[in-house]
Amino acid sequence: VMDSIGADIAAGGKDSMIVFARHGNWFDVAQETPGHEIPQERAGPIAASKIIMARKDRAVVHADVVGWGLSAVNFLTENEVQTVPVNFANSSTERTRDGKLSFSNKRAEVIWRMREALDPENGEAIELPNDPKLKADLTSYTWELRSSGIHIVSKEEQKKKLGRSPDRGDACCLANMRTIKQEIYDDMVNTASQYDRYGEI
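This is a predicted model, so every value here is computed, not measured.

Caption draft 1: Quick peek at the nonpolar core. Within the largest apolar cluster, 25 residues are counted, with the highest numbers of intra-cluster contacts made by Phe20 and Cys173. Of all elements in the fold, only strand E2 (16–23), helix H3 (106–117), helix H4 (132–139), strand E8 (149–152) and helix H6 (167–175) reach the threshold of two or more residues within this core. By residue number, the principal contributor to this core is H3, which donates six residues. Look past the residues within four positions of Phe20 in its chain and what remains in contact with it is Ser4, Ile5, Gly6, Asp28, Val29, Ala30, Pro129, Leu134, Arg168, Ala171, Cys172 and Ala175. One finds Met17, Val61, Val73 and Val81 within the second-largest nonpolar core, a separate group that totals 23 residues.

Take a look at the structure:
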């Protein structure tokens, strides 16, 4: 069952649009579309259609809204596709799994969650595809501790190290986000509303 999709959206230029699908702890191979194949004037609907074609089982879409992502997210939302817009620059209220450290922004939170999931001792038995570019992206994330919490090296620094944008790494980390499906949430709400807490008195 597909649980989540992570999408790093690009249009025009050298960067690629990457879509990762996660089934439980198993990640499918990346679906890549070169940016030059997505015309900027129609980036929203074209990018959204590629996500819709990859989506199964009402999986939640987690999409980067910086740049061309916003128009795609708007198109998905208008078509009733459950979508979580992610702006990496936004602040985070979350903490590390052990509760000791905060995050400087949403980007640090999302990337650190993948680090925790891949922890060989206390991780989640994540299964990633055999993808050299993905491995390079994920190992290019470095961090430092600031007064605001864990801070991940800037994307510009990663580009210098990799010679390209870490599209695969970002999309994979987005796919690792855990958002409850709307239909499951609705069922929970309906079940709770039907429960009579005084029935056994």
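Caption draft 2: How the structure looks around the layout of surface pockets. Its volume calculated, the largest pocket comes out at about 350 Å³. In terms of lining, the largest pocket is formed by 20 residues, of which the most central are Asp15, Asp64, Lys155, Lys159 and Ser165. Sorting the residues of the lining of the largest pocket by element identifies helix H5 (155–162) and H6 as the ones contributing at least two each. The element contributing the most residues to the lining of the largest pocket is H5, with three residues. Each residue belonging to the lining of the largest pocket can be placed in one class, and the counts come to six nonpolar, four polar and ten charged.

Caption draft 3: View of the packing of H4 against H6. At a minimum axis separation of 7 Å, H4 and H6 run at an interaxial angle of 80°. Classified by the angle their axes make, H4 and H6 are roughly perpendicular. Along the contact surface, H4 presents Lys133, Leu134, Asp137 and Leu138, while H6 presents Asp167, Arg168, Gly169, Cys172 and Cys173. When its residues are assigned to classes, the contact of H4 with H6 shows four nonpolar, one polar and four charged.

Caption draft 4: Fine view of unusual backbone geometry. Positive phi outside glycine occurs at Asp57, with the angle close to 55°. Mapped onto the secondary structure, Asp57 falls in the loop between helix H1 (43–54) and strand E5 (60–64). On the basis of relative accessibility, which here comes to 42%, the residue Asp57 falls in the partly exposed class. Backbone geometry places Arg58, a non-glycine residue, at a positive phi of 55°. Judged by relative accessible area, Arg58 falls into the exposed class, the value being 55%.

Caption draft 5: Layout of a nonpolar patch on the surface. Among the surface-exposed residues, Ile180, Ile184, Tyr185, Met188 and Val189 lie close enough to one another that they form a single nonpolar patch of about 450 Å² accessible area. Within the secondary structure, Val189 sits in helix H7 (residues 182–194).

Reading the values: the criteria
For every chain, the first residue of the written sequence is number 1, and numbering continues from 1 along that sequence. Selection of residues for local features in this predicted model requires a pLDDT of at least 70, selection of side-chain atom pairs for listing and counting requires 80 or more, and totals for whole chains, interfaces and linings are taken over all residues. As a rule here, side-chain values cover all heavy atoms of the structure and leave hydrogens and water aside. We call a set of buried residues a nonpolar core when its members are Ala, Val, Leu, Ile, Met, Phe, Trp, Tyr or Cys and they connect through side-chain atoms within 4.5 Å of each other. The classification of residues rests on relative accessible area computed with a 1.4 Å probe and restricted to protein chains. Under 20% of the type maximum is buried, over 50% is exposed, and intermediate values are partly exposed. Working definition: helices are DSSP H or I runs of at least four residues, strands are E runs of at least two. Numbering for both runs from the N terminus. The criterion used for residue contact is that any of the two residues' heavy atoms lie within 4.5 Å. Think of a 1 Å grid over just the protein atoms. A cavity is a set of points where a 1.4 Å probe fits yet cannot get out, a pocket is an open set with protein on both sides within 12 Å along at least five of seven lines, and lining residues have an atom within 4 Å of a point. Grid points are joined across faces, edges and corners, and a volume is the space filled by probe spheres set on the points. Three classes are used: nonpolar for Ala, Val, Leu, Ile, Met, Phe, Trp, Tyr, Cys and Pro, charged for Asp, Glu, Lys and Arg, and polar for all others, with Gly counted as polar. Axis definition: a line fitted to C-alpha atoms, over the contacting stretch in the case of helices. Angles run 0 to 180 degrees between N-to-C directions. Orientation is classified from the angle alone, with under 35 degrees giving roughly parallel, over 145 giving roughly antiparallel, 65 to 115 giving roughly perpendicular, and any other angle giving oblique. Surface patches are drawn from residues lacking salt bridges whose relative accessible area is over 30%; two like charges belong together within 9 Å, two nonpolar side chains (Val, Leu, Ile, Met, Phe, Trp, Tyr) within 5 Å. Under the convention used here, a 1.4 Å probe and the Shrake-Rupley method define accessible areas, while residue burial counts only the protein chains that appear. Between Lys or Arg on one side and Asp or Glu on the other, a salt bridge is scored when a side-chain nitrogen of the former is within 4 Å of a carboxyl oxygen of the latter.

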